[in-house]
Amino acid sequence: MDIKNIMVIGAGQMGSGIAQVCAQAGYQVLLYDKNTTALENGIASIQKLLTRAVEKERITKEAKVATLDRLQPTDRIQDAEQVDIVIEAVIENMAVKKEIFTKLDELTPDHTILATNTSSLPITEIAAVTKRPEKVIGMHFMNPVPVMKLVEVIRAIQTNDETYDVIAQLTKKLNKTSVHVNDFPGFVANRVLMPMINEAIYTVYEGVASVEDVDTVMKLGMNHPMGPLTLADFIGLDTCLYIMEVLYEGFGDSKYRPCPLLRQYVQAGWYGKKSGRGFYTYE
Ligand code: NAD
């Protein structure tokens, strides 16, 4: 399949990053958001990142201009009728994603592949609302998208080989490395990472060690670039809790039970860096 036009749905943190890397790789990109302020902010953040890349001599001025030329903001989802691939990156809510996939299934040509950047929702369930479940797939980019090399390419139970191959090839053209993952709760990244973070929170909860000492053990002892509690604050403690609940519910296994201290911090509104307080405090 010859991919020319890509539409990214949702111009937030992830959607704007995905649109940027697609445009940098030479694709014509439509960036859609239903909220025009979010759309303006998304484009502004791409411009800022490209300007910084020029200043640091990582790209040329011409490459920046050409990238921006290939990128078109839109507040009309109907524009999906001209694209080969859609990558959805709206909020992590099944009802919202199902509504969007139903609409995209009506609007897009038969050959269009519908991908989702969900970090935890079952892709099999999203695929089931369309009449082309074999062309629905997960493309789980990491944050920040322009920097992080990995994309988990997740096959729903219905996804066919052709769809998988097209998306694996696209990932390569975006200068990313893809891994093949099947659709089970947490995929690979969050299934491995989140229980480690949850266990780190348990060690604090049970008084085994202080927040700083737990992070030091993992940094100096395991060579992690960042301690698990610092990382949890960056990800957002609300997001960490949400993903633990997905794992707990999805597997029905008590080893995934969220730590009560994590739940309590979230109840207090201590979400980590974004709220100014989590395991650490932020200015
Ligand atoms: P975000 O809140 O920054 O952006 C979401 C955007 O979606 C907003 O701009 C919002 O206006 C838009 N939106 C909401 N409903 C919409 C609708 N019905 N139609 C069109 N646009 C709509 O969120 P984000 O952090 O970019 O996350 C987006 C997706 O990526 C989620 O599924 C999330 O789980 C996944 N993800 C996030 C991360 C991360 O670290 N933030 C990492 C990997 C995957």
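Our structure's up above, just so we're on the same page.
Here is a short report on the structure shown in this document. (Residues numbered from 1 in each chain as written. Predicted model: local features only at pLDDT ≥ 70, side-chain atom pairs only at ≥ 80, totals over all residues. Heavy atoms only, no water.)

This part covers the packing of aromatic side chains. The full count for this structure, using the stated rule, is four aromatic pairs. A ring pair is formed by Tyr202 and Tyr205, whose centres lie 6.0 Å apart and whose planes are at 75°; its orientation type is edge-to-face. Residue Tyr202 and its partner Tyr205 are located together in helix H7 (residues 189-205), separated by three residues, close to a single helical turn. The partly exposed category is assigned to Tyr205, whose relative accessible area is 43%. In this structure an aromatic cluster arises from ring pairing among Tyr265, Trp270 and Phe279. (Phe/Tyr/Trp six-rings, centres within 6.5 Å; stacked < 30°, edge-to-face > 60°. Helix = DSSP H or I, 4+ residues; strand = E, 2+ residues; numbered from the N terminus. Buried < 20%, exposed > 50% of the residue type's maximum accessible area, 1.4 Å probe, protein only.)

Turning next to the pattern of salt bridges. Inspection of the entire model under this criterion finds 10 salt bridges. Among the salt bridges present, the one from Lys97 reaches Glu92, with a minimum N-O distance of 3.8 Å. (Salt bridge = Lys/Arg side-chain N within 4 Å of Asp/Glu carboxyl O.)

For the rest of this paragraph, the subject is the sheet that holds strand E5 (residues 113-116). Here we have eight strands laid out as an open sheet, ordered E3-E2-E1-E4-E5-E6-E7-E8, and mixed in their pairing. Unpaired on one side and paired on the other, strand E3 (71-74) and strand E8 (177-182) mark the two borders of the sheet. Ignoring strand direction, the axes of neighbouring strands in this sheet form an average angle of 25°. Two strands pair when backbone bridges link them, and strand E1 (residues 5-9) and strand E4 (residues 85-88) are joined in this way by four bridges, in the parallel orientation. Within the sheet, the bridge partner assigned to Ile9 lies in E4 and is Glu88. Most of the contacts of helix H1 (residues 13-24) go to strand E2 (residues 28-32), to which it runs at about 170°, and overall it touches E1, E2, E3, E4 and strand E6 (136-141). (Pairing = 2+ DSSP bridges. Axes fitted to C-alpha atoms, helices over the stretch in contact; angles between N-to-C directions. Contact = heavy atoms within 4.5 Å.)

Helix length check: helix H6 (residues 161-173) (13 residues) gives 18 Å between terminal C-alpha atoms against 18 Å at 1.5 Å per residue, within 8%. Listed in full, the buried residues belonging to H6 are Thr163, Tyr164, Val166, Ile167, Ala168, Leu170 and Thr171. The inward-facing, buried residues of H6 abut E1, E4, E5, E6, strand E7 (150-155) and E8. Positive phi appears at Asn175, one or two residues downstream of H6, with a value of about 70°. (Expected span 1.5 Å × (residues − 1).)

The side chains of a regular strand alternate between both faces of the sheet. Residues Ile85 and Ile87 point to one face of E4 and Val86 and Glu88 to the other, with burial holding for every one of them. Bridging between E4 and E5 involves four bridges; their strand directions are parallel. Across the sheet, Val86 pairs through a bridge with Leu114, a residue of E5.

Excluding glycine, a negative phi dihedral is what most residues carry, and trans is how most peptide bonds are arranged. Following Asn143, the chain continues into Pro144 via a peptide bond in cis, with omega recorded as -5°. Within the element layout of this structure, Pro144 appears in the loop between E6 and E7. In this model, Asn175 sits at a positive phi of 70°, which is unusual for a non-glycine residue. Inspection of the secondary structure assignment puts Asn175 in the loop between H6 and E8. What makes Asn175 exposed here is its relative accessible area of 53%. Positive phi, close to 50°, is recorded for Phe187, a residue that is not glycine.

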